[in-house]
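# Structural features, examined
Each chain, written out:
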Amino acid sequence: MSRAHYALVRKVETAMSPQAADTTLLAEIEAIHYRLLHSTLTQKQLKECLILLLYCSMATTAGIVPDLTFALPHAISLAEAGKTVHDKRIGYEFCADIMPKHHELKLMLVNTLRKDIHSHEVPRICLALDILIQIPPEDVIPAVQDRLFELLSHTSPLVRRRALFAYRSLSEHSQDILNQIVDKVQKRLDDPDYAVVGAALAVSVELHTHSRLPITTFHASLTRLLRNVWQNVSRHRSGSWLLLKVLQALQNLRALNLEDFEVISGIVRTRMSVTPLSNAIKYQCFSVVAAHPDLLASLKSPPGNLFISAIRHLLTSDNINDIYTFISSLESLEPRYWAGISADIPSVLEAWEVERVMSLLGSNDQAIRKKVLRILLKVDRTIVESYFNQLSASNFASVLQDKSGELKRPLEVIEVLCGEDGESYAQQVVLTFTAIDENPHRKGHVYEGAVEDILNYIRGSSIEFRSGCLGVFFGLLAGRGRAFDSTLATILSALVCEYLDSCPVSPEDLLRGLSSLLPNLGAAIQDACLLAMIRVSANCSAVPEDVLGTVRKVQEAAGRHIKRRCNQFLELSQTAQMLKDIVSRSKSTSLPDFVIALETYEAERQTNVPRPSSSNAVGSPERPSSRTSTTASKLRYTAYDAPKPTPRLRRISSTSSSLSASRSDVGRESEDLARTVSPGELALASGRSEFQEIARSPVSSPPTLPSVQVLEEDELASQADLISLDSPFVSEPITSICSFLEPDFETVWNSLASSNTRGWYDSPMDVLVRKLQSLQKPLRVTPADQPPFIGDLKIQISTSPGFIAQSGVALLRLKEGEEESCLWHLRCADESLRNSIKALLKDG
């Protein structure tokens, strides 16, 4: 976006540690805060500050949430006074990302949104509607309601679609607002634009769900729409997408008649072309029909033959998605229609197909295994129970041989067998680990994969299931006197910490139960138990003396780390207020987040680390950025001058092929990682027009140019720099190559990776190109819209005419920046040519 943005991102990505990167980011936030308080900024400067703040908020590590609400008034001001839609968008997007849900400054947005919605410019209307969809202020409804109703009939489909979604977002404040547009929604279901129809479908489902409108309100429109879309599905680019949306709406509205059933039957029987949505449409047809058992019962012929016969070819496919579609569709239908469990309806599947389905219990895909188990459970529960007994005998033997990954499958069967019965699930888990722990050779071993699976399953379950499950676990823990294996002790410690506030057992009993486990556990599990005890003690009015005595005995015989943890418990359990402060710092109630909060507190207590100073921030002209300026007063001697940067030459030895290969692998990994980084809102610069056909422009006398900052890459930066000079939107190179660019440009560019120079140029790209023409050397220019490296202007400077070669050539890539500037990247192995180009840039 700008020189300051580039410098900040580069400094963060080349930081020696995440903590150093966070220090840089927090310092930048403080520097921008200072600028906003003490300077009068132009719109360009304000826009740059907001983008830098957005980048800082996204780049900080987990657990650090910087407070950026100080910039909200400036963002609202930019949204109000922005001269272009681009400027206004940055102000709006900052508010959407940073403003809390019930922030008082939302009132200031109302007038701005009202003005933009009443505009006659489609981009401004769409921008305001986007913000209404993201952060709908309750107070804006009276100001925009009449205009929103008009926009439902706007000539632009972009506006009509957004207006429908804006109504749905505003309905969270007032459900009555949707009741006023029922007629409009019905008209939009017949809209010629499929995107608008999709929005109308979403609003119709919302109306039926929350406004309790009768099914007949939209059913006739949906039936007509289903038939029309199916008849034209191959003629419209979005036909498959809309067909899937219509089927989902029919399922949500629970509306289906014989006419709909005929169309759906035709969809299932048709062999659709293989597309990402074809399998989804097939499965959705099964789901819609399965939701109407009364309709299926009234059919003359069983639906199993019709539907399953149409998809049985998927069972033999080599594509895992086809198999998943078949199993999911089979699961949605009641077994009495296809399994032969009813005397009047024979089995639809043949013997080899049943065998094929049973073999999927050994699939490597966990989702397929679970679906097959649920299907078998519907057919006959004894089949699953028998399978579990066989699996337990064989897999427990594998577990005892240290194949802990095999424990996943018995746990999956337990999940399916127990269903929503949390108490039964907890009891089966305890019995499973008790059976495994009976072997003395595996005592003390923790099955980490099983711990993670069980905790995730409990966390994602319903409240009723979780309540019954936790009741069993906590009851066993509070009972004391029972020995738990290491895996169960770890699970209990995590559950106690995460669900302490909803625990039916008193904190004192939990402490006694956890402390009774300590003497029989290894150091790693003792650590988890002690951490859980520290958390529980925050809810205790007084820690029982017998618990303190047990911890002291463990401390006497423990190693250094456990002694430290015991000491933490003994100290913090006596200072309830301090412990509650640590708990409040935790990002969530989970045990890992509590550990982070606890260790952060200990680090702050033991070391007095000053808060990052804004003087280290990048791009703050009002405040000094030199590190020596902040530390010079503390030095007792005259500081040495900063070393002058010198270019480093890298040579690849032909005799060290293995070392070269390893370095190239590291380079590729760094480059791949660079492409995943999305620093702030760099995408905002992608919409600017690129320089075209620059090589054919007339040559004029070189003007006086501003100084250019040249950044030499050292060894660390060359490997750790995650700022790819390629545009984040670079597509794959296409086959057509510009006629005046040699086809090996990209190859030579990659081969010159060891000869890098980067910098920022404060004038437009055409000025820089004309300056390069003054070198009186052969110059070839490729427009930014031509491959390779689409988005960058590519320049070849040669010492003599001819093909591109590594020697005697300089390759330069230019990326257009904000406000008449550009970012340049030079690669040149010829030292003389490289120095002449750099001197030209510096001395211009």
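Thresholds applied
- Residues numbered from 1 in each chain as written.
- Predicted model: local features only at pLDDT ≥ 70, side-chain atom pairs only at ≥ 80, totals over all residues.
- Heavy atoms only, no water.
- UniProt positions renumbered as here; feature names shortened; annotations may be inferred.
- Axes fitted to C-alpha atoms, helices over the stretch in contact; angles between N-to-C directions.
- Helix = DSSP H or I, 4+ residues; strand = E, 2+ residues; numbered from the N terminus.
- Parallel < 35°, antiparallel > 145°, perpendicular 65-115°, else oblique.
- Left-handed = near helix turned anticlockwise from the far one by under 90°.
- Contact = heavy atoms within 4.5 Å.
- Polar contact = N/O pair within 3.5 Å; in protein donor to acceptor, adjacent residues only side chain to side chain.
- Expected span 1.5 Å × (residues − 1).
- Buried < 20%, exposed > 50% of the residue type's maximum accessible area, 1.4 Å probe, protein only.
- Patch = residues over 30% accessible without salt bridge, like charges linked within 9 Å, V, L, I, M, F, W, Y side chains within 5 Å.
- Areas by Shrake-Rupley, 256 points an atom, 1.4 Å probe, with all protein chains shown as cover.
- Salt bridge = Lys/Arg side-chain N within 4 Å of Asp/Glu carboxyl O.
- Core = buried A, V, L, I, M, F, W, Y, C linked by side-chain atoms within 4.5 Å.
- Phe/Tyr/Trp six-rings, centres within 6.5 Å; stacked < 30°, edge-to-face > 60°.
- Lys NZ or Arg CZ within 6 Å of the ring centre and 35° of its normal.
- pLDDT = per-residue confidence, 0-100.
- Pairing = 2+ DSSP bridges.

Per an unreviewed UniProt entry, the chain goes by the name Clathrin/coatomer adaptor adaptin-like N-terminal domain-containing protein and belongs to Somion occarium. For the record of the chain, the UniProt heading Subcellular location (unreviewed entry) holds the text "Endomembrane system".

A separate point is the packing of helix H28 (residues 507-517) against helix H29 (residues 523-537). Between H28 and H29, whose axes approach to 10 Å, the crossing angle comes to 165 degrees. Classified by the angle their axes make, H28 and H29 are roughly antiparallel. Between H28 and H29 the crossing geometry is left-handed. The residues of H29 that touch H28, namely those facing Pro507, Leu510, Leu511, Leu514 and Ser515, are Cys529, Ala532, Met533, Val536 and Ser537.

In this section: the side chain of glutamine 145. Along the chain, the position of glutamine 145 falls in helix H8 (residues 141-151). Of note is the side chain of glutamine 145, whose polar atom sits 2.7 Å from the side chain of glutamine 180. Apart from the residues within four sequence positions on either side, glutamine 145 is in contact with Tyr167, Ile177 and Gln180.

Time to look at H29. Taking 1.5 Å of rise per residue, the 15 residues of H29 would be expected to cover 21 Å, and the 21 Å separating its terminal C-alpha atoms lies within 8% of that figure. H29 sits mainly inside the fold: 13 of its 15 residues count as buried.

Moving on: a nonpolar patch on the surface. Judged by side-chain polarity, Val354, Met358 and Ile383 come together as a nonpolar surface patch covering roughly 210 Å² of accessible area. Relative to the helices and strands, methionine 358 is located in helix H20 (residues 351-359).

Below, the discussion takes up the nonpolar core. Soluble globular proteins: nonpolar side chains tend toward being buried together. Ranked by internal contacts, the top residues of the largest apolar core, which has 205 residues, are Phe94, Ile264, Phe473 and Phe569. With sequence-adjacent residues up to four places away left out, phenylalanine 473 is seen in contact with Ala426, Val429, Val430, Ile458, Leu488, Leu492 and Leu495. Among the nonpolar cores identified, the runner-up in size contains 22 residues, and Met765, Leu768, Leu772 and Ile837 belong to it.

This part takes up the packing of helix H9 (residues 157-170) against helix H12 (residues 194-211). Where H9 contacts H12, the two axes come as close as 9 Å, and the packing angle between them is 15 degrees. Between H9 and H12, the angle falls in the class roughly parallel. The handedness of the crossing between H9 and H12 comes out as left-handed. Residues Pro157, Arg160, Arg161, Leu164, Phe165 and Arg168 of H9 pack against Ala195, Val196, Ala199, Ala200, Ala202, Val203 and Glu206 of H12.

Right, let's talk about the packing of aromatic side chains for a bit. On inspection of all chains with the given rule, the structure shows six aromatic pairs. Their ring planes at 50 degrees and their centres at 5.5 Å tell us that tyrosine 425 and phenylalanine 465 sit as a pair that is tilted. Linking tyrosine 425 in helix H24 (residues 422-437) with phenylalanine 465 in helix H26 (residues 463-479), this pair joins segments that are 40 residues apart in sequence. A residue is classified by how much of its surface remains accessible, and phenylalanine 465, at 1% relative accessible area, is buried. These aromatic residues form a ring-pair network of at least three members: Phe261, Phe286 and Phe307. Above the plane of the ring of phenylalanine 149 lies lysine 184, whose end atom (NZ or CZ) is 5.1 Å from the centre. Over the aromatic face of phenylalanine 789 sits the side chain of arginine 813, whose NZ or CZ is 3.8 Å from the ring centroid.

Attention now goes to the pattern of salt bridges. One pass over the structure, following the stated rule, counts 27 salt bridges. Here lysine 115 and glutamate 80 are joined by a salt bridge, their closest N and O atoms 3.0 Å apart. Note that lysine 115 is positioned in helix H6 (residues 106-117) and glutamate 80 in helix H4 (residues 72-81), a separation of 35 residues in sequence. Lysine 115 sits in the partly exposed class, given a relative accessible area of 39%. Of the residues examined, glutamate 80 reaches a relative accessible area of 34% and is grouped as partly exposed.

Next up on the list: the confidence of the model for the chain. Per-residue confidence for the chain averages 78 on the pLDDT scale, and 79% of its residues sit at or above 70. When mean pLDDT is compared element by element in the chain, H9 scores highest at 94, while helix H34 (residues 627-631) scores lowest at 35.

Of all the six residues making up strand E2 (residues 756-761), six are buried; the element is thus mostly covered by neighbouring parts of the structure. By the alternation rule, side chains of E2 split into Asn756, Arg758 and Trp760 and Thr757, Gly759 and Tyr761, which are all buried. As paired elements, E2 and strand E6 (residues 822-828) share six bridges and run antiparallel to each other. Within the sheet, the bridge partner assigned to tyrosine 761 lies in E6 and is cysteine 822.

Looking now at the environment of glycine 468. When you line up the elements, glycine 468 lands in helix H26. Sequence separation between glycine 468 and alanine 426 is 42 residues, and the spatial gap between their C-alpha atoms is 8.2 Å. Among residues more than four places away in sequence, those in contact with glycine 468 are Gly422 and Glu423.

What follows covers unusual backbone geometry. Peptide bonds are mostly trans, and most non-glycine residues show a negative phi. Note that the residue after proline 787, namely proline 788, is joined by a cis bond; omega there is -5 degrees. By the secondary structure assignment, proline 788 is in the loop between strand E3 (779-782) and strand E4 (793-798). Positive phi is not limited to glycine here, since glutamine 776 has a value of about 60 degrees. Positionally, glutamine 776 belongs in the loop between helix H38 (765-773) and E3.

With that settled, consider H9. Between its first and last C-alpha, H9 extends 20 Å over 14 residues, near the 20 Å set by a 1.5 Å rise per residue. Extensive coverage of H9 is indicated by the burial of ten of its 14 residues. Three or more residues of H9 are buried, namely Val159, Arg160, Arg162, Ala163, Leu164, Phe165, Ala166, Tyr167, Ser169 and Leu170. The secondary structure elements touched by the buried residues of H9 are helix H7 (122-134), H8, helix H10 (176-179), helix H11 (182-188) and H12.

This part covers the environment of leucine 164. Mapped onto the secondary structure, leucine 164 falls in helix H9. Here leucine 164 falls in the buried class, since its relative accessible area comes to 0%. Placed 35 residues apart in sequence, leucine 164 and alanine 199 show a C-alpha to C-alpha distance of 6.2 Å. When residues no more than four places from it in sequence are discounted, the contact partners of leucine 164 are Leu152, Val185, Arg188, Val196, Ala199, Ala200 and Val203.

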